[in-house]
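A structural walkthrough
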Amino acid sequence: MDPARLLGPAQIDALAQLGVSTILLGGIYALIAVGLTLIFGIMRVVNFAHGEFLMLGMYLAFWSFTLYGLDPYFVLFVSIPLFFLVGLLTYALVMRGVITASHNAQIFTTVGLSTALQNVALVAWTGDFRFVRPWHSSVVLRIAGTAFNLAQVVAFAIAVALTVALFAFMKWTHTGRVMRATAQDRDAATLMGIATDRVYRLTWAIGIACVGAAGVLVAPLYSVYPTAGLQFVLLSYVVVVLGGLGDMVGALLGSLIVAAVEVVGSYFFGTAWKEVLYFVLFIAVLVFRPAGLFGQRGAEMLGA
Amino acid sequence: MRGVLARHWGALVLFGLTALTPLVVKDAFFLDSLVLILIWGALSAAWNLAGGYAGQVSLGHSAFFGIGAYSAALLATRWQQSPWLGMLLGVLVSVAAGAVIGYLSNRLRGPYFALSTIAFSQVLLIVASRWRGFTQGSEGIPVPFRPGFWTLGLGHVAWVYVALGLALVHYGVQVYFERSRVGYQLAGVREDEDAAEALGIASRKLRVFAVTLSAALTSVCGAFWAQYVGFVDPFYVFSVDLSIRFALNTIIGGVGTALGPFLGSILITSLETYLRATFAGVKTGFTGIYLIIYGCVLILVVRFVPEGLAGLAARLRAGVARSRERATDHAHA
Amino acid sequence: MPRRLLASALLALALALTGLLAVGHGQSLTGEYKIGVLEPLTGPLAFEGKRHLEGYEIMRDMINERGGVMGRKLVFAVGDATDPTAAASEANRLITREGVKILTGTYSSTLCGAASEAAARHNVIYWESSCVDPRFTRRGLKTVFRTEIDGTGFGWYNIEFVAKHLAPRFGLKPNQLKIAFLSEDSSYGQGVTEAARQRAKGEFGMQEVAAEYYAFASTNDFTPIIVKLKQLNPDVVHHIARGNDAVLFWRQSREQSFLFKALVHAYGSPDFGKALGAEGNGPFALLEPGPGFRLEALRPEGQRLEREFRETVQKKTGSYPLGGHQLAAGGLWVLKVVLDQARTDELDKFRATVMAMDLPVGSLINGWGVKFAENGQNANERVQHYMLQWQGGQLVTVWPEEFSTLRAKWIPLGSWDQRK
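Residues numbered from 1 in each chain as written. Chains lettered and ligands numbered in written order. Predicted model: local features only at pLDDT ≥ 70, side-chain atom pairs only at ≥ 80, totals over all residues. Heavy atoms only, no water.

**Observations regarding the overall build of chain A**
As a reminder of what qualifies: Note on conventions: DSSP H or I runs of at least 4 residues are helices, E runs of at least 2 residues are strands, and numbering of each starts at the N terminus. Here the globule rule is a power law, 2.2 Å times the number of residues to the power 0.38, and the radius of gyration is based on C-alpha atoms. Whether a residue is buried, partly exposed or exposed follows from its accessible area with a 1.4 Å probe, protein chains only, as a fraction of its type maximum: under 20%, in between, or over 50%, in that order. Any two residues whose heavy atoms approach within 4.5 Å are treated as being in contact. Here the open area of atoms and residues is found with the Shrake-Rupley method and a 1.4 Å probe, where only the protein chains shown may cover a residue. Under this rule, positive means Lys or Arg and negative means Asp or Glu; His and the chain ends count for nothing. Charge positions come from single atoms, namely NZ of Lys, CZ of Arg, CG of Asp or CD of Glu.
Within chain A, the regular secondary structure consists of eleven helices and two strands. For chain A, the N- to C-terminal ordering of α and β elements is α-α-α-α-β-β-α-α-α-α-α-α-α. Since a compact globule built from 304 residues should have a radius of gyration of about 19 Å, the 20 Å found for chain A is in line with a globular shape. For chain A, the spread of C-alpha atoms along the principal axes amounts to about 65 × 50 × 35 Å. Buried residues in chain A amount to 58% of all 304 residues. In chain A, once contacts between residues fewer than 6 apart in sequence are set aside, the share between residues at least 24 apart is 77%. Working note: accessible area of chain A is about 11,500 Å², and carbon and sulfur atoms make up 71% of it. Once the 15 positive and 12 negative side-chain charges of chain A are each reduced to a mean point, those two points are 7 Å apart.

**What to know about the overall build of chain B**
Along chain B, the regular secondary structure elements total 16 helices and two strands. Over its C-alpha atoms chain B spans a radius of gyration of 21 Å, differing by no more than 12% from the 20 Å that the globule rule assigns to 333 residues. On the principal axes, the C-alpha backbone points of chain B span a range of 80 × 50 × 40 Å. Relative to its 333 residues, chain B shows a buried fraction of 62%. By sequence separation, contacts in chain B at least 24 residues apart represent 77% of the contacts at least 6 residues apart. Only carbon and sulfur atoms are counted for the fraction: they give 68% of the accessible area of chain B, which is about 12,400 Å².

**Observations regarding unusual backbone geometry**
Residue and element names in this part refer to chain C. Here the bond from W399 into P400 is cis, since omega is 0°, no more than 30 degrees from zero. Relative to the elements of secondary structure, P400 occurs in the segment after β12 (394-399). That bond from I411 to P412 is cis: its omega, -5°, falls within 30 degrees of zero. With respect to the element layout, P412 can be found in the segment after β12. Despite not being glycine, N123 has its phi angle at roughly 60°, a positive value. Looking at where N123 falls in the secondary structure, it is placed in the loop between α4 (109-121) and β4 (125-128).

**Let's talk about the interface of chain B and chain C**
Filter applied, for reference: A simple way to read buried area is as the amount of 1.4 Å-probe accessible surface that goes missing from two parts once joined, with both sides added. In what follows, salt bridge is the name for a side-chain nitrogen of Lys or Arg lying within 4 Å of a carboxyl oxygen of Asp or Glu. Here the term charged refers only to Asp, Glu, Lys and Arg, the term nonpolar to Ala, Val, Leu, Ile, Met, Phe, Trp, Tyr, Cys and Pro, and the term polar to all other amino acids, Gly among them.
On the chain C side, the residues contacting the 53 residues of chain B number 50 residues. Summed over both partners, the interface of chain B with chain C buries about 4,300 Å², with 66% contributed by carbon and sulfur atoms. Contact with chain C buries area across many residues of chain B, yet F29, E139 and R276 of chain B alone supply 15% of it, more than any other trio. At the junction of chain B with chain C, the criterion picks out three salt bridges. If you list the elements that add at least two residues to the side of chain B that touches chain C, you get α3 (28-53), α6 (110-130), β1 (141-142), α8 (156-179), α11 (203-229), α12 (234-237), α14 (260-279) and α16 (308-332) of chain B. Partitioned by chemical class, the residues of the side of chain B that touches chain C number 30 nonpolar, 15 polar and eight charged.

**Quick notes on the confidence of the model for chain B**
Applied cut-off: Scored from 0 to 100, pLDDT reflects the predictor's confidence in each residue.
Across chain B, pLDDT averages 86, with 95% of residues at or above 70. Prediction confidence for the complex, expressed as pTM and ipTM, is 0.88 and 0.85 respectively.

**Some points on the side chain of T353 of chain C**
All names here are of chain C. Note the cut-off: Whenever a nitrogen or oxygen atom comes within 3.5 Å of another N or O atom, the pair is scored as a polar contact, on the condition that within protein one atom can donate a hydrogen and the other can accept it, and that pairs from neighbouring residues in sequence are kept only if both atoms are in side chains.
Within the secondary structure layout, T353 lies in helix α12 (residues 347-356). Overall, T353 belongs to the buried group, its relative accessible area being 14%. Polar contacts involving the side chain of T353 include one to the main-chain carbonyl oxygen of K349, which spans 2.8 Å. Dropping the residues within four chain positions of it, T353 is found in contact with V338, Q341 and A342.

**Section: the nonpolar core**
Heads up, the condition is: We define the nonpolar core as a collection of buried residues of types Ala, Val, Leu, Ile, Met, Phe, Trp, Tyr and Cys that are connected through side-chain atoms lying within 4.5 Å of one another.
If you look at the biggest cluster of nonpolar residues, it comprises 216 residues, and the most contacted ones within it are Y29 and F48 of chain A, W225, V232 and V237 of chain B together with L103 of chain C. For this core, the leading source of residues is α3 of chain B, giving 15 residues. Setting aside residues up to four positions removed in sequence, V237 of chain B forms contacts with S62, F65, G66, A69, Y70, W225, V232 and L242 of chain B. One finds Y33, M59, L339 and V370 of chain C within the second-largest nonpolar core, a separate group that totals 39 residues.

**Brief notes about the packing of α3 of chain B against helix α3 (residues 84-96) of chain C**
Just so we agree on the cut-off: Between N-to-C directions, angles cover 0 to 180 degrees, with each direction set by a line fitted to C-alpha atoms, over the stretch in contact for helices. For classification, angles of less than 35 degrees are called roughly parallel, those exceeding 145 degrees roughly antiparallel, those between 65 and 115 degrees roughly perpendicular, and all remaining angles oblique.
Where α3 of chain B contacts α3 of chain C, the two axes come as close as 8 Å, and the packing angle between them is 160°. By the criterion of interaxial angle, the relationship of α3 of chain B to α3 of chain C is roughly antiparallel. Between α3 of chain B and α3 of chain C, the residues in contact are A28, F29, D32, L36 and W40 of chain B and T85, S89, N92, R93 and T96 of chain C, respectively. Tallied by class, the residues present in the contact of α3 of chain B with α3 of chain C amount to four nonpolar, four polar and two charged.

**Section: the environment of A151 of chain A**
Residues and elements named next belong to chain A. In this fold, A151 is placed in helix α5 (residues 150-172). C-alpha separation for the pair A151 and E52, spaced 99 residues apart in sequence, amounts to 22 Å. With residues near it in sequence (within four places) discarded, A151 still touches Y73 and L221.

**Topic: the state of the cysteines**
Residue and element names in this part refer to chain C. To be explicit about the condition: Only a pair of cysteine sulfur atoms within 2.5 Å counts as a disulfide in this structure description.
Per the stated rule, a full pass over the model turns up one disulfide over all chains. Two residues, C112 and C131, share a disulfide whose sulfurs are 2.2 Å apart. Taking the sign of the torsion about the S-S bond as the criterion, the disulfide between C112 and C131, at about 65°, is right-handed. Of this pair, C112 sits in helix α4 while C131 is found in the loop between β4 and β5 (144-146), placing the two residues 19 residues apart along the sequence.

**As for the interface of chain A and chain B**
Contacts between the two partners involve 39 residues from chain A and, on the opposite side, 38 residues from chain B. Carbon and sulfur atoms supply 83% of the area that chain A and chain B bury against each other, a total of about 3,400 Å² over both sides. Of all residues in chain A, F108, V123 and V287 of chain A bury the most surface against chain B, accounting for 18% of the area lost on that side. Where chain A meets chain B, there are zero salt bridges. One can count one residue pair in polar contact (both at pLDDT 80 or more) joining chain A with chain B. Where the side of chain A that touches chain B is concerned, the elements lending two or more residues are α4 (103-125), α9 (228-243) and α11 (274-288) of chain A. Of the residues forming the side of chain A that touches chain B, the biggest block, 14 residues, is contributed by α4 of chain A. The class makeup of the residues in the side of chain A that touches chain B is 29 nonpolar, eight polar and two charged.

**Things to note about the pattern of salt bridges**
Side-chain pairing between opposite charges can occur once the charged atoms of the two side chains come close. In the structure shown here, the tally under the stated rule is 36 salt bridges over all chains. With a closest N to O distance of 3.0 Å, E139 of chain B and R132 of chain B form a salt bridge. A relative accessible area of 9% places E139 of chain B in the buried class. A relative accessible area of 25% means that R132 of chain B is categorised as partly exposed. Of the charged contacts, one joins R242 of chain C and E184 of chain C as a salt bridge, the two residues approaching to 3.8 Å between their closest N and O atoms. A residue pair is termed long-range when its members are at least 10 positions apart, and R242 of chain C in the loop between β8 (236-240) and α8 (244-255) and E184 of chain C in strand β6 (residues 178-184) qualify at 58 residues. For E184 of chain C, a relative accessible area of 0% translates into the label buried. Sharing partners across several salt bridges, the network here consists of R245, E272 and R276 of chain B together with K34, E90, R93 and E98 of chain C.

Encoded structure:
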């Protein structure tokens, strides 16, 4: 990078574009991570199957579009209650039994769920790459020399709205307070008469509804295939750890940071090494500040 | 002596039958499947050292598998050295890597540790697939087959015995973990670390030891695998799927037991091979069914049968012993 | 309860093991000749693997209509090579249980290595039709043969096209051309790109402005790369794509108004055309012949074969033959020709026949010729490859010009709205 050329108009355009790119990409990552951080924060469960629910959301968008011609933004409204039900179902069938079990049992339960879901998709719908391309998927908005894709902007807007909504829910509603109390101290919550099982069920269902909706929203942006979840899930964990357990706003900020690392890293070091950058960031945060950049210190020891 | 035989009757039966099989069965495919069962079993046993006995669940053990595979392949192709030397080199590198992971296991708990191991294996994947000058990048390394023991260029029958030897070593190390002082201390650390520390057990060092040993053994298996299959593909040897597979075998077979990993491997590898053989070309989609089954079985095992297949055997033996006791009690009453 | 559980567990284990003993059908009945076909039919590569199998099956039926192989009906024993371990295991199964003496396949470089190793240990012929790993034929194995050119050949042809056909039309000499390399990072992408880079710089002195690899599965956004490339201003972009990344890059280049004179990408899947339609006009792809192919440019026998092949594929799949079909079918046809001449699958005689064979370009399916080197590799010059271009949502043949009725358009590519 020739320093003499650093601030010409082309460079400012480039920076602006990179900036826009970062924000929009961050929005998408936030959308995917917000459900994870909720589950992670309140239930203290690392859901290794998170990516698979995202993938199911993407397939929902694909099949609705292909078979019935339904636009993903319409399907979005259906997907939220639908995935809420899926969440309730998977909680009853799978998660309830291991809520009080050891960490390792929880890890393996969600890994088993992940394996099963991935392969259900593989057997049912084959490994072919599918696409959801409604009429608006190629609409480009141009503002002052930067270009962005409409679908990305919508995803970003919804990510922010969702984060704000969840944050408000957690902070100001009674249920939200109950959930936070249970997160802080399960036993004390039980003593206070809180039905912790119901709290967990609700948390799980909300988290799954979020990630399912996220899947529907990102389907027009990427390809749909059974292991699509994998490409996002590792990212989501980085975001969640960076942002701190259960911290909604932290998840949003963490997403922006990860997106920035990815975009800036790709630009300066080449795309080949960008994943190494955020994996190293991930391990570094885990080792030096496991509560995240914004979370409470020592939070990672809770529920151990 | 009688006690030893009784304790290890399962292993004696399984490994004994395996040793006898090449004398009876000449079918190369069956022998090949047997070799795979043994190698996957050994890999799962190596995982078990960290995940079962030390209680440190790693989902990134493919990192060490890949290190072993690459060490053997690189030494054989770039420097024309024997894969046994490659194995040694792989062990050295894995010990270093394992120490890093071990350090992480002291800093991080359960799921965080698992996540960091995934990240570690993926970093290695990226490095191996991009460093063209050294590892030939994404194209992987074809491992040359040169007949002879020193170059591990063997026939199917010989491979069965080599794999059996590998499996026996892994079984033995696990038994050592069960029976030795190190093992008891590790169990204490696993169950209640604070109490163990209070008793003066060096929990951190023990954990690092377990993880490092696990890494070294995994790497040894990786080197053998590279020579057996003959091609090292970075996206395969460092994959998360492989890591999960090692854990899957062990949990279903019985985590924390010496025979568990092998039982799990028998069940899973044979089912996979059988389904693939039967459905290939017919309704190929169905070959993926075995993984759906395993996912569900994993959930069920964790919930209802946490001791896995091997634990069931122990329960049976205990049940038999108890009923015998009751019978003698009644006789005396 | 535990006793019953344990008993059923042991029973399941026993069944699983005996199941392995029971699998298999043995070699062919009289009047049939069986070969093994190994492709990835499950897992991430299944998409192309199945297409290759389809090509094999269509060609097999065509062969059987013309008298089969060595006077016998050709039948397949199919194996599923999901990953390298599975490839080796299935190769063993096909050889041991199905008794095949020839294995063919296997689409992916990482699978063909393991499978051919397993075959070599049984001294079984491995007839590769698709994988492009250059080292496949450099291991000194006497049993491996490959009908398709390797990855270095692809890179070679791409640069040939850029230097000899595009550069003059831009009014530039090859060594004045600025070229940017972008590729997904699998073995295929790396192999082709590195070969292309070498030839571009070494032989033609082109100016390489960038060489970027990205992870196909986890690349969500090309914006940083595009922003960087815009500033470097290449004339030609050499993009080796694998799936949706082709569509994504093209779409985002358009969004960012990234202009270049030409794009050569290796992407031949119809979903590029389906996703973009006319907006996808312009990129070139080195593949087997598509619409516009002049059958008359082939030799008479080649014409007949090619015509029949296309008609059959059209009837069976409702579309033009795709790359996977063409590679598999082409490879199988050459195998038939060899077997009919050698009249045996015994290795030495088979090899002798293969080495002695010398057919010019235009003799066989895809307009291929045959001339194998000592290491089993079919010569680059005989395995004619074609440059296709996306026009109106379809890939049409545009080069070499004697093989096509259609011509390349939009050289150089103008602004994004002007490519109709």
